[in-house]
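What follows is each chain in one-letter form.
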Amino acid sequence: MPVSHNRRSYRPNAASNPVRNTLVTLVSGIVVVGVLLFLTRDFFAQLSFLSQSENPVRNVAVFAVLWLLILASLKAVLTARQMAVHVFWNVFLSGAVFVHLSFFLILAENLTLFDIRRMWIERGEAGAALLFYWSELLLPVLFALAFGLSLLRVRIWLLSRYSSSSSYVAAGLPAVVIGILAAMVVMKGPAAAQGLAGIYTLPGFFSVILFEQIVDERPQRQPVTAIARQPLVSNVIVVVDESVSADFFGQDSDYSLVPSLKAHADAVINYGVATSAHNCSSYSNAVLRWGVVPGSFEQAFHLPTIWQYSQASGYTSTYIDAQKPPGTLTNFMNTDELGFIHQVKQLNVEQIERHQAFMRLDFDIVDHLVSLVGDDKPDFIYINKLGVHFPYEGKYPASSTRFQPAMTLFEPIGHSSRQALMNSYQNAIAWNVNGFFERLLNSIDLDNTVVIYTSDHGQDLLEEGKGLLTHCNRNSGSAYQGMVPMLVLTTHPQLRQRFESSQADNFHQLSHFNVFPTVLEILGYEHDFVKQHYGDAMFYPVERIGKFYTSDLFLPAHTQHEYEWQSVPLQTPSRFIPGALASQSPD
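Rules used in this analysis
- Residues numbered from 1 in each chain as written.
- Predicted model: local features only at pLDDT ≥ 70, side-chain atom pairs only at ≥ 80, totals over all residues.
- Heavy atoms only, no water.
- Helix = DSSP H or I, 4+ residues; strand = E, 2+ residues; numbered from the N terminus.
- Buried < 20%, exposed > 50% of the residue type's maximum accessible area, 1.4 Å probe, protein only.
- Contact = heavy atoms within 4.5 Å.
- Areas by Shrake-Rupley, 256 points an atom, 1.4 Å probe, with all protein chains shown as cover.
- Lys, Arg positive; Asp, Glu negative; His and termini not counted.
- Charge placed at Lys NZ, Arg CZ, Asp CG, Glu CD.
- Axes fitted to C-alpha atoms, helices over the stretch in contact; angles between N-to-C directions.
- Parallel < 35°, antiparallel > 145°, perpendicular 65-115°, else oblique.
- Left-handed = near helix turned anticlockwise from the far one by under 90°.
- Nonpolar A, V, L, I, M, F, W, Y, C, P; charged D, E, K, R; others polar.
- Salt bridge = Lys/Arg side-chain N within 4 Å of Asp/Glu carboxyl O.
- Disulfide = S-S within 2.5 Å.
- Phe/Tyr/Trp six-rings, centres within 6.5 Å; stacked < 30°, edge-to-face > 60°.
- Lys NZ or Arg CZ within 6 Å of the ring centre and 35° of its normal.
- Pairing = 2+ DSSP bridges.
- 1 Å grid on protein atoms, 1.4 Å probe; cavity = no way out; pocket = protein on both sides within 12 Å on 5 of 7 lines; lining within 4 Å.
- Points joined across faces, edges and corners; volume = space filled by probe spheres on them.

**Q** How should I be thinking about the overall build of the protein in this particular structure?
**A** Helix and strand counts for the protein stand at 19 helices and nine strands. With the C-alpha coordinates of the protein rotated into their principal frame, the extents come out at 110 × 55 × 45 Å. In the protein, which comprises 587 residues, the share counted as buried stands at 54%. In the protein, 79% of the contacts between residues at least 6 apart in sequence involve partners at least 24 apart. For the protein, the computed accessible surface area is about 25000 Å², with 60% contributed by carbon and sulfur atoms. In the protein, the 38 positive side-chain charges and the 48 negative ones have mean positions that sit 17 Å from each other.

**Q** Teacher, can you tell me more about the packing of helix α15 (residues 361-373) against helix α16 (residues 418-443) here?
**A** The axes of two packed helices give the description: the angle between them and the distance between them. Viewed as axis vectors pointing N to C, α15 and α16 meet at an angle of 20°, and their least axial separation amounts to 8 Å. Classified by the angle their axes make, α15 and α16 are roughly parallel. The element α15 and its partner α16 pack so that their crossing is right-handed. In this structure, α15 contributes D362, F363, I365, V366, L369 and V370 to the contact, and α16 contributes W431, N432, G435, F436, R439, L440 and S443. The residue inventory of the contact of α15 with α16, partitioned by class, reads eight nonpolar, three polar and two charged.

**Q** Explanation requested: the environment of A193 in the structure shown.
**A** Within the secondary structure, A193 is located in the loop between α8 (167-188) and α9 (198-215). Note: C-alpha distance between A193 and L553 (360 residues apart in sequence) is 21 Å. When sequence neighbours within four positions are dropped, the list of residues in contact with A193 reads V185, T201 and F205.

**Q** What is the right way to read the environment of P203 from this model?
**A** Here P203 lies in helix α9. The exposure class of P203 is buried, given its relative accessible area of 7%. For the pair P203 and L93, spaced 110 residues apart in sequence, the C-alpha separation works out to 8.9 Å. Among all residues touching P203, those that are not within four sequence positions of it are F92, I178 and G198.

**Q** What is the right way to read the pattern of salt bridges from this model?
**A** A pair can form between side chains of opposite charge whenever their charged atoms are brought close. What the rule picks out here adds up to 14 salt bridges. Here D375 ties to K377 by a salt bridge, and the two come within 2.3 Å at their closest N and O atoms. On the basis of relative accessible area, D375 is assigned to the partly exposed category, the value being 26%. Look at K377 and you get partly exposed, because its relative accessible area is 33%. The structure contains a network of salt bridges with shared partners spanning R117, E212 and D552.

**Q** Could you clarify how one ought to interpret the state of the cysteines in this entry?
**A** Covalent bonding between the sulfur atoms of two cysteines defines a disulfide. A full pass over the atoms with the stated rule returns one disulfide. One disulfide in the model links C280 with C472; its S-S distance is 1.8 Å. The S-S bond linking C280 to C472 shows a torsion near 95°; that makes this disulfide right-handed. With a gap of 192 residues between them, C280 in the loop between β2 (268-275) and α11 (281-290) and C472 in the loop between β6 (449-455) and β7 (483-489) connect regions that are remote in the sequence.

**Q** Would you explain the packing of aromatic side chains in this entry?
**A** Where two aromatic rings form a pair, the distance of their centres and the angle of their planes describe that pair. For the structure on display, the rule yields 40 aromatic pairs. These aromatic residues form a ring-pair network of at least three members: F132, Y133, F248, F390, Y392, F403, Y425 and F576. Looking at K385, its charged tip hangs above the ring of F436, at a distance of 5.1 Å from the centre. Directly above the aromatic system of W565 lies the positively charged group of K547, at a separation of 4.3 Å from the ring centroid.

**Q** When you look at the pairing of strand β1 (residues 235-241) in this model, what are you seeing that I'm missing?
**A** As a general feature of sheets, a regular strand has side chains that alternate between the two faces. For β1, the tally of buried residues reaches seven of seven residues, placing the bulk of the element in the interior. Here β1 shows no split at all, with N235, I237, V239 and D241 on one side and V236, V238 and V240 on the other all buried. As paired elements, β1 and strand β5 (residues 379-384) share six bridges and run parallel to each other. When the bridges of β5 are listed, V239 appears paired with I383.

**Q** Explain the environment of S317 to me, please; I cannot follow it from the model alone.
**A** Assignment of secondary structure puts S317 in strand β3 (residues 316-321). For S317, a relative accessible area of 0% corresponds to the buried category. A sequence separation of 81 residues divides S317 from V236, and the C-alpha atoms of the two residues are 9.6 Å apart. For S317, the residues in contact, after removing those within four places along its chain, are W307, S310, F340, I341, H342, Q343 and F380.

**Q** Sorry, what's going on with the sheet that holds β3 here?
**A** In sheet architecture, strand pairing relies on hydrogen bonds along the backbone and comes in two forms, parallel and antiparallel. Read from one edge to the other, the open sheet built from seven strands follows the order β2-β7-β6-β1-β5-β3-β4, with strand pairing classed as mixed. The open sheet is flanked by β2 and β4 (343-346), the only strands paired with a single partner. Taken over all neighbouring pairs, the strand axes of this sheet differ in orientation by 15° on average, direction set aside. Both β3 and β5 contribute to a ladder of six bridges, which runs parallel. Pairing of T316 across the sheet is with D379, part of β5.

**Q** Would you mind showing me how to read helix α5 (residues 113-121) here?
**A** Three or four residues apart is the spacing at which side chains of an α-helix point the same way, because the helix has 3.6 residues per turn. The element α5 is largely enclosed, with a buried count of seven among its nine residues. Where α5 is buried, its residues meet α4 (83-107), α8, α9 and α11.

**Q** Any chance you could explain the pairing of β3 here in plain terms?
**A** Burial runs high along β3: six of the six residues are buried. Here β3 shows two buried faces, one formed by T316, T318 and I320 and the other by S317, Y319 and D321. Across four bridges, the pairing between β3 and β4 is parallel. Residue pairing in the sheet places I320 in a bridge with K345 of β4.

**Q** What's the story with helix α18 (residues 515-523) in this structure? I'm lost.
**A** Of all nine residues making up α18, nine are buried, and the element is well covered by its neighbours. Listed in full, the buried residues belonging to α18 are V515, F516, P517, T518, V519, L520, E521, I522 and L523.

**Q** Is there a simple way to explain empty space enclosed by the protein in this structure?
**A** Across all of its chains, the model carries six cavities of 30 Å³ or more by this definition. When its volume is computed, the largest cavity comes out at roughly 90 Å³. Lining the largest cavity we find L39, R41, H100, L111, A193, Q194, G195, L196, G198, T201, L202 and F205. It is α9 that contributes the most residues to the lining of the largest cavity, four residues altogether. Split by residue class, the lining of the largest cavity holds six nonpolar, five polar and one charged.

Following this line, the structure appears as structure tokens:
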């Protein structure tokens, strides 16, 4: 009797196991297929395009073969004889899902090769991005985990019905597929990967970036052949702030956030809202240092740098970097360019949000400037300020919170209100930018010194409602990402007169592309040479560019593409003073 009782009680459980197993396997399969489809960009659009191409049969056949290879490699991974092979590719592909979904939530669009390349260039900001966007990583973690577990469950189901695959095939076939996709992108461009599975195209894009790092070396820069005459002033300082939007900066005469400029109005020439070269820091800084002009980006790595021109005119060059610790290079700076610089000062402070030394980094720059411009030799100094790069909280003391409600320390942008985001940004400007100018103007004698101040780009504080990036995205639609201040500080009589004579004509007209020629003329190079090779200096009426670039500018030689840009209308509303205009000039 006991045995019979146990058997009767066991049968319902045994009968229910196949049902539960089938349901779990079915859900797992739906998860795998759903993720694959979601991360596959423009499958039907690509198929339609290929079917109408010059050789539709061949192109559609190649597309079909690629998909067969992708599916074959995925099956090989799922049925790999050795569990270690499956685990490796399972973790690898789940990681691709995590990266894809994370950036989809932040960008509000699928990843492209430009996004991957931009991530690599701006990889030094990974820590700041993690602090600002960590909430957008939680859901992708869950989906990636679900995807990995679902792959494991599908593997169990497949192995119960089919024989296992060779571990060599399972280990190598996905790598071969990724290599083929990478080769196609190198030869045909990013469009070649459209319509294919995103979990494979993303590693393919990373492979392309790795390939570019290996084979694309920068050429040797041309020497300076022009002869400089008498420089206009002894000390030339270019200050590039970080993430400061012009519409928060008192673009007319109202310096509400930076009252130190109003207190020294006799030394300030304000050119209003200028347009950045790009909405990414690295590209804008490269344009400012290399003198690249629109339409000639292919010459970027050949042209003499600002360091070479300053050295040829008898100046001692100094680079002050408050953004990265010693030995870490950013903004397209490399060891070859460092060779043109007499001295490099990277401020060695551990970047801990709201740490006193970290918040005062930009103030310490002034101490270095005092010693540099106080000697008898002419100095050219290029400065990358720490500025107000996100996260904004931690860039100023809690006791200096002027605008409330503000974000809390380490609060991600995805959990913040727009008003709190705006207030934190204003608080950071009021502390950092005003504090910098206050110390600079009270410490430096500007009688024989000129300071040209701008920012690398502006900030999109979620005005457009598309994605969560504040800058450096391809399709933001936000003019604010390219609106930067443009100020000149000097009390040198003749030089100040020259700047003031063009202030009215160039108010809200300038761009980053006007800075390099201005510096060259101050260093003593002839106007005709400068204008012919680099365009108009700020001393003369300029033609407004009114746009900033959003795509790759300095691509490797094997690539071809069109440059994308975003316009900055003159009548762009200021976000700091409701109803005011960032520009009062007629469009």
